[in-house]
Amino acid sequence: MLRLVSTASRPSSAGRLGKTAVPPKGRRAFASTSAKHADISLTVDGKEVTVPQGSALIQACEAAGATIPRFCYHDRLAIAGNCRMCLVEVERSPKPVASCAMPAMPGSKVWTNTPLVHEAREGVMEFLLANHPLDCPICDQGGECDLQDQSMRYGSDRSRFHEITGKRAVEDKNLGPLVKTSMNRCIQCTRCVRFANEVAGVEDLGTTGRGNDMQIGMYVEKTMNSELSGNVVDLCPVGALTSKPYAFHARPWELKNTESIDVTDAVGSNIRVDSRGVRVMRVQPRTNDDVNEEWISDKARYAYDGLTFQRLTAPLIKQGDRFVAATWEEALSAIADGLAKTGAQGDEIQAIAGHLADTESLVALKDLINCLGSDNLATDQLGGTAPPVHGVDVRSNYLFNPTIPGIEQADAILLVGTNPRHEAAVLNSRIRKSWLHTTLEVGFIGERVDTAYGYDYLGQDIKAVQEFVAGKGEFAAKFKAAKKPLIIIGSAISEHPDGASVYNQLASYVQTHKNKLLTPEWNGFSVLQRAASRSAAYDIGFVSSAKAAKTTPKFIYLLNADEVDPKSISKDAFVVYQGHHGDLGAQLADVCLPGAAYTEKSTTWVNTEGRAQLGSAAVPPPGASRDDWKIIRALSEVLNVQLPYEDVLALRDRMWEISPTLVRYDAVESTSPDVALAGLKVLVESTKKAAFKGLPFEKPIKNFYMTDPISRASVTMAQCTRAFTGDQESGISDEKGLQAAFA
Amino acid sequence: MSAIARLPKTLPSRTYLSRTFSSSLPRKSDALFVHRDTSYNNPKIPFEFSEENLKRATEIISHYPPQYKKAAVIPLLDLGQRQNKGWTSISVMNRVAKLLEMPPMRVYEVATFYTMFNREPIGEHFVQVCTTTPCMLRGSTDILHTVCQHLGGIKPGETTKDRKFTVVEVECQGACSNAPMIVVGDDFYEDLTRETTAKILDAFAKGEKPKPGPQSGRHTSENSAGLTALTSKPYGPGQFCSPEFQ
Ligand code: SF4
Ligand code: FES
Ligand code: FES
């Protein structure tokens, strides 16, 4: 039954470790170019439909508007055909056929609503329920369970099985702190197995035993170590795999659904925030084929419990070594006093934008700082106070230009200083998908990691880049031969001492090979950002001028900035922290202003492709905290430099003035090749004289589960850290003595 | 696979006044389909193919195209099982996975699917009693009983205390024409009666190896009452050929 699954895995598991020993020819077996198929027509329930050749019958039925019940079929996974729920009647076929496993044939006549089909479905349902426990009242899937719904719709109203000896019993598996199992409920659809093997790339999940004894598991004691594991919860059509942190917390009908955008990485995954009252109960993915398909990373899904811990709920003013709660008036005037007392002038006033700053507040803050006569705008990263090496004048210099779905067109990818598996987990699954199904070749420069697909390892420092650019090595040749090559530069490269020369090398490589890397159809030069706010910050020019970068700031405004190096902040500087968590930034502050977290505000997020998306507030911000841009607007009044926008619409007008792309939601504006080339030219010019030290590129994310204040405050993420990374110093209790600061 | 279900059981004869809803017996597995680390079976126990077997393994692998190396998983597991005293430990599976460069889980799936891979240690002589319909009709219930009694009252699936014999029930071995039959090691012992079964087991216990095949004296599966057709001598090679081929 797993035939299809195993053919999906590209047969060089050794390649996963970046071994090049396997002859590259050897693993080409499954390569297939997606040929353009002709369309075929058939009749479903008397309705004529036209579908591309090679579609499954179930897809044709769907196209005709007929609902086909199913358990094992999933359009993003390989076809297994083992649940038999999708039976339909086909003319001249003696038996009902499984529509998911049957290709649509031209001219065939299909019925989905005949007595035979009804009976078949009822029979299948009966068998599925024969061994399924009747524990819906204590099952977390209740209310959103495919088996429950479909047995109501298609099943019989009574059972003929009365096994006094009980039903089949299977022991529960331990898949780690995220996925709770109740394997008695499993109907062996193998969706989870297919997901783990195909999409997530952890080939540990499988089926053991046969017949009545068949069960899902890992055979040996193991946890499912994948940053996408939470998706099996959504995939499981029954309650066999449910969410552990959410267990027994709520029923789906009690929840309010809010469609929003995820901020734990720069992919901008589309999510649905389910809340009850003022609490976020869970986060689920929304389908968006252009961004996250229908997966989200475990951090996006499970870090939400961090939203309830260590929140800043009232403005705080530091007195001595303690924070004292204050009113907004007091806090804002304390800032005005602080600014006056330090005597900060011009560029001595600095603002640092953190990972979770939304676009609205970035724009407001930039306007405020500019109004105060300063150009000293920094991003919260290593070397973020200096102007970024790639410049921000041309968007294509710092964005993921080919777009995320575009990855699937690439036939050679070079990864430089990035581990997409941790920096953009969902995007990484696209690379894996492409690697599985096409002849994609991946080259890797940087710290060795398990990327879930095989790669040619080129080296770990600038030397490897130079060799690649010089065309040395096997991979460089493959890359040159590729039709749509793609270079992905990690965001950590611009933080690296050798960053400038890496950019210089690669940008000039693109210039020389522009006939392939920079055509009207394809822009193969891309930067993979890892912070949700970064693209927006660059888009609005939230960077310092060269002059401003050299000043020592006396007044520092940290907007969600929690990665700052405390040593870089001078003792006598006056520090304001605006954000939602009492994390590192708040610890450094003289005044803390409580902002709203991403689930509490309706703001714009620009993802690594430059795609603006609008999040929405699911719950109100706690306590006295406020929308971030409003805080800045209020402060501007106290500082006597009133910002000219009264409401969010006016602010979005201002954003439109800065760059229309910021408010053109859900669309990606591609840069024309001429402009992109001009951008590269400037980039090459500005980095011409860059020296390099030859230090190895390190992966910027050491612990995938804790990368921002929300995930650092999350208990679930702490458990994941313990379970999956073996990191002993995890846990929220011992976090840098933060509690002490707030005592 | 329901060994317990098919043990000879005398069901009390009942007169059914009405049809019961269900009359099936509980179906229990005779094996565990997850791995549990034990002192004798855990991944830390090393397993390495012997030099000779490694050569054979390489030879087997060479039968398949290099990208379909994993097709060799069944023969290789068998090789490992033979080398590992007749059972496939987790280390054997891991070794095979490594040799074939496939994820270990894919090997576990195969090893748990096929019942002929023993995932628990077995005795020196592995006695498999066929109890599928043709054998059953010819008295395999009796044979199974005899085997179990003769080996000191063990049950199917169990090993004798001296670890000499393991008895299991198996499905049809394809020797129905010589039913009932048992398999000991790799050899078939057919046309059994209680007495011949006991004799075979005794011989094995003494360290001898009885002659495999039908124990009734007949030749293969020929008619036990003598041939009724093809009784004349079969002609040999060359006969009826033109002289130059004779
Ligand atoms: S655990 Fe759920 S998804 Fe996995 S096979 Fe069972 S029913 Fe399907
Ligand atoms: S959906 Fe077709 S067999 Fe499961
Ligand atoms: S039934 Fe026993 S060998 Fe066929």
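Residues numbered from 1 in each chain as written. Chains lettered and ligands numbered in written order. Predicted model: local features only at pLDDT ≥ 70, side-chain atom pairs only at ≥ 80, totals over all residues. Heavy atoms only, no water.

- UniProt, in the comment section headed Sequence similarities (unreviewed entry), describes chain B in these words: "Belongs to the complex I 24 kDa subunit family." (UniProt positions renumbered as here; feature names shortened; annotations may be inferred.)

- Looking up chain A in an unreviewed UniProt entry gives the name NADH-ubiquinone oxidoreductase 78 kDa subunit, mitochondrial, with the organism given as Amanita muscaria.
- What UniProt states about chain A under its Sequence similarities (unreviewed entry) heading is, verbatim, "Belongs to the complex I 75 kDa subunit family."

**Focus on the environment of Thr287(A)**
Residues and elements named next belong to chain A.
Working step 1: Along the polypeptide, threonine 287 turns up in the loop between β12 (279–285) and α7 (298–302).
Working step 2: The spacing of threonine 287 and alanine 344 is 57 residues in sequence and 48 Å in space, taken between C-alpha atoms.
Working step 3: For threonine 287, the residues in contact, after removing those within four places along its chain, are Arg76, Glu293 and Glu294. (Helix = DSSP H or I, 4+ residues; strand = E, 2+ residues; numbered from the N terminus. Contact = heavy atoms within 4.5 Å.)

**A short note on the side chain of Ser229(A)**
All names here are of chain A.
Working step 1: Tracing the chain through its elements places serine 229 in the loop between β8 (215–217) and α6 (231–235).
Working step 2: Accessibility expressed as a relative area gives 2% for serine 229, which makes it buried.
Working step 3: Side-chain polar atoms of serine 229 contact the side chain of aspartate 298, separated by 2.7 Å.
Working step 4: Setting aside residues no more than four positions away along its own chain, serine 229 makes contact with Leu178, Val179, Met224 and Asp298. (Buried < 20%, exposed > 50% of the residue type's maximum accessible area, 1.4 Å probe, protein only. Polar contact = N/O pair within 3.5 Å; in protein donor to acceptor, adjacent residues only side chain to side chain.)

**Some remarks on the sheet that holds strand β2 (residues 165–170) of chain B**
All names here are of chain B.
Working step 1: The 5 strands are arranged β2-β1-β3-β4-β5 in an open sheet whose pairing can be described as mixed. This sheet does not close on itself; its edge strands, each paired only once, are β2 and β5 (213–214).
Working step 2: Of the strand pairs in this sheet, strand β1 (residues 125–130) and β2 are connected by 6 bridges, and their pairing is parallel. For valine 129, the partnering residue across the bridge sits in β2 and is glutamate 169.
Working step 3: Taken strand by strand, helix α6 (residues 140–150) contacts β1, β2 and β3 (182–184), and its axis lies near 155° from that of β1. (Pairing = 2+ DSSP bridges. Axes fitted to C-alpha atoms, helices over the stretch in contact; angles between N-to-C directions.)

**Notes on the pattern of salt bridges**
Residue and element names in this part refer to chain A.
Working step 1: Summed over the entire model, instances satisfying the criterion amount to 51 salt bridges over all chains.
Working step 2: A salt bridge links glutamate 254 to arginine 276; the nearest nitrogen and oxygen atoms lie 2.7 Å apart. Residue glutamate 254 is located in the loop between β9 (241–243) and β10 (256–261), and its partner arginine 276 is located in strand β11 (residues 270–276); the two are separated by 22 residues in the primary sequence.
Working step 3: On the basis of relative accessible area, arginine 276 is assigned to the partly exposed category, the value being 34%.
Working step 4: We note a salt bridge from aspartate 456 to lysine 478, for which the minimum N-O separation is 2.7 Å. With a gap of 22 residues between them, aspartate 456 in strand β19 (residues 456–459) and lysine 478 in helix α13 (residues 474–481) connect regions that are remote in the sequence.
Working step 5: When its relative accessible area of 7% is taken as the criterion, aspartate 456 is described as buried.
Working step 6: For lysine 478, a relative accessible area of 19% corresponds to the buried category.
Working step 7: A single salt-bridge network, built from bridges that share partners, covers Arg76, Asp289, Glu293, Glu294, Glu408, Arg430 and Lys433. (Salt bridge = Lys/Arg side-chain N within 4 Å of Asp/Glu carboxyl O.)

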